[in-house]
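Letter by letter, the chains look like this.
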Amino acid sequence: MGDPDATLRFPHRHILGIAGLARDEIAFLLDLADSYVDQNRRADKKNAVLRGRTLINLFFEDSTRTRTSFELAGKRLGADVINMSVATSAVKKGETLIDTAMTLNAMHLDVLVVRHAASGAVHLLADKVDCAVVNAGDGSHEHPTQALLDALTIRRRKGGLEGLLVAICGDILHSRVARSNMLLLQTMGARVRVVAPATLLPAAIGRYGVEVHHDMRTGLADADIVMMLRLQLERMNGSFLPSIREYFRFFGLDYAKLGVAKPDALIMHPGPINRGVEIDSELADDINRSVIREQVEMGVAVRMACLDALMRNAPSNAGG
Ligand code: NCD
């Protein structure tokens, strides 16, 4: 894909968040990802744009789809990929995040994909290492490749993002997916609403420039896209909800609540889904409405695009 202007069009060393990405840079990644969707649907899914490069997946939090899709993305681009399981690494012996990263850095890797429970941890690490760093989710801060794959899914279904009305519903407070999506969708010209109980909204939601709703009937009215979020119970200490059953009654998505959205509104969810908690099980599997599986497919293509774009700018990591 030797595009001579690529460095100018995506001039970043790392992908740490959607904050800091310009509209044309996001469009560049999505266009590149489109070409990888085609490649991934062929019998031969590999090219060699990352040949000789080394990618390490460093995940301090659980993950199924994000980790697997980064692994597949690296392999389909011809890189050597290593998955570091923190459960069996020296982190368990007390090694700090930075020491672990510096140890890996000494092995001349080219890309470090990091997920960590602390917001800001990935930025901290990016300042210390020589390689490119991709944020695969840091606490409740950002998850840029998720927002990019959501945007790719929407763009391919709706033809564009400009002017669409997107309702993001549920646990906004703890969600890095919501944060990255609010930034990306508005940068690309979509209108964003958040729909949640007051206890699950950040105090500073006013700064995001989104419309705030506490009722699914008004929040979903005329929406083109309904994006549901998982209740991040692992990030809740204290009581945010009266009960799960109450939550589903008022904020869980079912056919009745979806009735006020546009007739062709698409349903999205980053996964993992809690069936019957934030979304009705049948609706989640309804191929006429739900694009949840397509989001997973787009995830591999978007991660290939991110790795490709970063490596076009990166010299080989031959330094000591
Ligand atoms: C999301 C995450 O980890 O932030 N999942 C994902 O990456 N597919 C959302 C979630 O865990 O609910």
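Q: What is the right way to look at the overall build of the protein in this model?
A: Within the protein one finds twelve helices and nine strands. For the protein, the C-alpha atoms occupy an extent of roughly 60 × 45 × 35 Å along the three principal directions. Looking at the protein residue by residue over its 320 residues, the buried ones come to 55%. Residue pairs in contact within the protein that sit at least 24 positions apart in sequence constitute 74% of those at least 6 positions apart. Counting only carbon and sulfur atoms, one obtains 52% of the accessible surface of the protein, whose full area is about 13,600 Å². Taking the 38 positively charged and 38 negatively charged side chains of the protein as two groups, their mean positions are separated by 2 Å.

Q: Where do I start with the packing of aromatic side chains in this structure?
A: Enumeration over the complete set of coordinates arrives at two aromatic pairs. Between the aromatic rings of F10 and F28, the centroid separation amounts to 6.4 Å while the plane-to-plane angle is 20°, which identifies the pairing as stacked. Residue F10 is found in the loop between helix 1 (6–9) and helix 2 (23–40), and its partner F28 is found in helix 2; the two are separated by 18 residues along the sequence. On the basis of relative accessibility, which here comes to 6%, the residue F28 falls in the buried class.

Q: I'm lost on the side chain of E71 in this one. Help?
A: Within the secondary structure, E71 sits in helix 3 (residues 65–76). What E71 contacts, discounting residues up to four positions off in sequence, is N57, V81 and N83.

Q: For this particular structure, what's the right way to read the nonpolar core?
A: Looking at soluble globular proteins, one finds that nonpolar side chains tend to be buried together. In this structure, L148, I168, I172, V226 and L253 are the most contacted members of the largest nonpolar core, which totals 90 residues. For this core, the leading source of residues is helix 12 (residues 292–313), giving twelve residues. Setting aside its immediate chain neighbours within four residues, L148 contacts I18, I26, L29, L30, L184, V302 and C306. If you look at the next biggest cluster of nonpolar residues, it comprises 19 residues, including M84, L109, L125 and V133.

Q: Explain the site of the ligand to me, please; I cannot follow it from the model alone.
A: Close to the ligand lie R65, T66, R115, H143, Q146, R176, V177, R230, Q232, P270, G271 and P272. One nitrogen or oxygen atom from the main chain of G271 is found 3.0 Å from a nitrogen atom belonging to the ligand. For the ligand, whose unbound accessible area comes to 310 Å², protein coverage reaches 94%. Elements represented by at least two residues in the shell around the ligand include exactly helix 3 and helix 7 (176–187). Broken down by class, the residue content of the shell around the ligand amounts to three nonpolar, five polar and four charged.

Thresholds, definitions, all that
Residues numbered from 1 in each chain as written. Predicted model: local features only at pLDDT ≥ 70, side-chain atom pairs only at ≥ 80, totals over all residues. Heavy atoms only, no water. Helix = DSSP H or I, 4+ residues; strand = E, 2+ residues; numbered from the N terminus. Buried < 20%, exposed > 50% of the residue type's maximum accessible area, 1.4 Å probe, protein only. Contact = heavy atoms within 4.5 Å. Areas by Shrake-Rupley, 256 points an atom, 1.4 Å probe, with all protein chains shown as cover. Lys, Arg positive; Asp, Glu negative; His and termini not counted. Charge placed at Lys NZ, Arg CZ, Asp CG, Glu CD. Phe/Tyr/Trp six-rings, centres within 6.5 Å; stacked < 30°, edge-to-face > 60°. Core = buried A, V, L, I, M, F, W, Y, C linked by side-chain atoms within 4.5 Å. Near = heavy atom within 4 Å. Polar contact = N/O pair within 3.5 Å; in protein donor to acceptor, adjacent residues only side chain to side chain. Nonpolar A, V, L, I, M, F, W, Y, C, P; charged D, E, K, R; others polar.

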